[in-house]
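# Descriptive analysis of the structure
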Amino acid sequence: MIKVLVVFGTRPEAIKMAPLIREFNRFPEEFETRVCVTAQHREMLDQVLSFFEIIPFYDLDLMKPNQNLNQLTADVLIGLRSVFLDYLPDYVFVHGDTTTSMAASLASFYSEVKVCHVEAGLRTFNKRSPFPEEINRQITGRIADIHFAPTEISKANLIREGIKDSTIFTVGNTVIDALMWANVKLENYEDDEIRGLKELLVSTKRVIVVTGHRRENFGDGFLNICKALSLISQRDDVQIIYPVHLNPQVQKPIYDILGDSANIHLISPLKYPAFVWLMSQSYIILTDSGGVQEEAPSLGKPVLVMRNNTERPEAVAAGTVVLVGTNTDVILLETETLLNDEDLYKRRATLHNPYGNGHSAALIVSKIKSYDR
Ligand code: UD1
Ligand code: UDP
């Protein structure tokens, strides 16, 4: 029996680890699987756990309002020690680039437990952008024993850093497994949030969905984004829907500046199925999110990424994603161009799947089964 501990703390990690947990749970004779949430996020995490029916075995319940990275890092390191002593796992699975993932990798290393890194090898090679994620994932990659890279580009990044080829598996991204699962479920599913969105949206106006939460955009970045949204909202052929991230550093400027805008709907973060439904209804997505950049190509939705660089060049190469930074004029111009030029829009709105076909979790589990421990 292989003892697996899956550790995560935030909304996107939960969405992307959910398919893997379900897959491990299909093989109870071979794997004992326990989930530990740090609860770096709380409400935004819990809604995902509930949708995917995941019951954590351990819940460190760490989130504090307006928490800082030092405290969070220390709390994860300390909290996980007793979890490892209690469970003595063979493998710890961590995801991506959050502070939970970085600190959980370090805690695993200190307890001499093997680390498996899902969504390994993404890089901008700019340690300040995204901050602190670029360094979080580099540290996690340095510690990890097995690397599950989503694409050949991410695998090549790891090879260049001297990681042994035999420890890297290119498996696609489990975000697509989750998205496909949600899409199937949505065929016979409607909750209060989806009903509310249906009432809110005007059928004659195109929907622009906005999300944003990156730390490097705090301050001027968010001010510029708000100015751009305000200008875009003056068109009467569009409506802007913005589920605002719960980070107070995001909530305050967004509600202060855009709170009274008639054509901009600021709403609470949506539960995952409602957000997937909203993306499917959108014309354009404006975001700085990592996960949304990966989901949009599968949905055929053009994305303007409000960042200066991305660790996800695959969708940029395919034309779905365009980097617009946080300059008000550039965001406005690129949005107007997509809204006004139908041919360009059609070229950008092409469906494609750079991040896999929805079988990533199955691939990961099969690699672990045959991995020589
Ligand atoms: C974190 C991750 C980031 C990831 C993002 C996904 C780090 C350093 N940052 O950023 O990589 O892209 O999650 O959303 O790991 N809050 C709530 N309720 C919640 C969630 C957050 O109130 O359910 C508020 C709290 O005040 C919290 C604050 O948001 O202190 C910041 O949360 P934190 O996880 O530290 O940072 P994020 O910006 O969410
Ligand atoms: N998402 C969600 N509700 C929302 C906004 C986003 O469920 O209101 C989902 C989205 O589909 C994606 C993930 O959350 O899978 C992205 O999370 P976030 O942008 O917070 O983090 P990142 O991917 O940038 O780390």
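Notes on the structure in this doc start here. Every chain's residues receive numbers from 1 upward, in the order its sequence appears when written. Here every chain gets a letter starting at A, and every ligand a number starting at 1, in the order they are written. Two thresholds apply to this predicted model, a pLDDT of at least 70 for residue-level local features and 80 or more for giving and counting side-chain atom pairs, whereas whole-chain, interface and lining totals are computed over all residues. Each side-chain value is derived from all of the structure's non-hydrogen atoms; neither hydrogens nor water enter the calculation.

Once that is clear, we can look at the sheet that holds strand β2 (residues 31-37). Pairing between strands is defined by DSSP: at least two bridges between them are needed. A run of H or I in DSSP counts as a helix once it spans at least four residues, and a run of E counts as a strand once it spans at least two, with each numbered from the N terminus. Taken in spatial order, the seven strands line up as β3-β2-β1-β4-β5-β6-β7 in an open sheet, and their pairing is parallel. Sheet topology places β3 (58-59) and β7 (168-170) at the edges, where each strand pairs with a single neighbour. In this sheet, β7 lies alongside strand β6 (residues 146-149) in parallel orientation, the contact comprising three bridges. Among the inter-strand pairings, His147 is bridged to a residue of β7, identified as Ile168. Any pair of residues with heavy atoms lying within 4.5 Å of one another is described as a contacting pair. Lines fitted to C-alpha atoms define the axes, with helix axes restricted to the stretch in contact, and inter-axis angles between N-to-C directions lie between 0 and 180 degrees. Helix-sheet contacts for helix α1 (residues 11-25) involve β1 (2-8), β2, β4 (91-95) and β5 (114-118), and the interaxial angle to β1 is about 165°.

Any residue with a non-hydrogen atom lying within 4 Å of a molecule or strand is treated as near it. In the vicinity of ligand 2 there are 15 residues, among which Arg11, Leu270, Ser289, Gly291 and Glu295 approach most closely. Polar contacts, as used here, are pairs of N or O atoms within 3.5 Å; protein pairs need one atom able to donate a hydrogen and one able to accept it. Residues neighboring in sequence count only if both atoms are side-chain atoms. Arg214 has a polar side-chain atom sitting 3.1 Å from an oxygen atom of ligand 2. Secondary-structure elements contributing two or more residues to the shell around ligand 2 are α1, α11 (272-281) and α12 (290-299). Here the shell around ligand 2 is composed, by residue class, of eight nonpolar, four polar and three charged. As a working rule, the residues Ala, Val, Leu, Ile, Met, Phe, Trp, Tyr, Cys and Pro are called nonpolar, Asp, Glu, Lys and Arg charged, and the rest polar, with Gly in that last group.

Look at the link from Ser129 to Pro130: it is a cis peptide, with omega at 0°. Located in the positive-phi region is Asn66, a residue other than glycine, with phi close to 50°. Mapped onto the elements of the fold, Asn66 is located in the loop between β3 and α3 (69-87).

The next thing to look at is the environment of Ile139. As for its placement among the helices and strands, Ile139 is situated in helix α5 (residues 133-143). Owing to a relative accessible area of 33%, Ile139 belongs among the partly exposed residues under this scheme. Measuring from C-alpha to C-alpha, the distance between Ile139 and Gln249 comes to 26 Å, with 110 residues separating the pair along the chain. Buried, partly exposed and exposed residues are distinguished by accessible area as a fraction of the type maximum, computed with a 1.4 Å probe on protein chains only: under 20%, between the cut-offs, and over 50%, respectively.

In this section: the packing of helix α7 (residues 174-186) against α11. A pair of packed helices is captured by two measures, namely the crossing angle of their axes and the spacing between those axes. Contact geometry of α7 with α11 gives a least axis separation of 10 Å together with a crossing angle of 85°. Compared by their axis directions, α7 and α11 come out roughly perpendicular. Contacts between α7 and α11 involve Val175, Ala178, Leu179, Ala182, Asn183 and Leu186 from the former and Tyr272, Pro273, Val276 and Trp277 from the latter. When its residues are assigned to classes, the contact of α7 with α11 shows nine nonpolar, one polar and no charged. Here the angle decides the label: under 35 degrees means roughly parallel, over 145 means roughly antiparallel, 65 to 115 means roughly perpendicular, and every other value means oblique.

In this section: the pairing of β4. Counting buried residues along β4, five of its five residues qualify, which places the element largely inside the surrounding structure. As defined by bridge partners, β4 adjoins β5 across five bridges and the pair is classed as parallel. When the sheet's bridge partners are listed, Tyr91 is paired in β5 with Lys114. A clockwise course of the path from the first strand over the helix to the second, judged with the strands pointing away from the viewer, identifies a crossover as right-handed. Note that the unit made of β4, helix α4 (residues 99-110) and β5 has a crossover that is right-handed.

Turning next to the sheet that holds strand β10 (residues 264-267). Pairing within the open sheet is parallel, and its six strands lie in the order β10-β9-β8-β11-β12-β13. Two strands close off the open sheet at either side, each with one partner strand: β10 and β13 (321-323). Mean inter-strand twist for the sheet, computed between neighbouring axes without regard to direction, equals 20°. Here four bridges tie strand β8 (residues 206-211) to strand β9 (residues 238-243), and the two strands are oriented parallel to one another. Across the sheet, residue Val207 finds its bridge partner in β9, namely Gln239. Strands in contact with α12 are β8, β11 (284-287), β12 (303-305) and β13; relative to β11, the strand with the most contacts, it is inclined by about 165°.

Moving on, we get to the nonpolar core. Grouped together as the largest cluster of nonpolar side chains are 64 residues, with contacts concentrated most on Phe8, Leu20, Phe93, Phe148, Tyr272 and Leu278. Each residue touching Phe148, except ones within four places of it in the same chain, is listed here: Phe93, Cys116, His117, Val118, Glu119, Ala120, Phe169, Val171, Ile364, Lys367 and Ile368. Membership of the second largest hydrophobic core comes to 30 residues, among which are Ile208, Tyr283, Leu304 and Ile331. Side-chain atoms within 4.5 Å are what join buried Ala, Val, Leu, Ile, Met, Phe, Trp, Tyr and Cys residues into a set we call a nonpolar core.

In this section: the pattern of salt bridges. Salt bridges are defined as contacts in which a side-chain nitrogen from Lys or Arg sits within 4 Å of a carboxyl oxygen from Asp or Glu. Scanning the model with the defined rule gives 30 salt bridges in all. The shortest N-O distance in the salt bridge between Glu311 and Arg307 comes to 3.0 Å. Under the relative-accessibility criterion, Arg307 is labelled buried at 3%. Residues joined in a network through salt bridges with shared partners are Lys16, Asp97, Glu119, Glu134, Arg137, Glu294, Arg307, Glu311 and Arg312.

Fair warning: the whole summary comes from geometry, so function is off the table for now.
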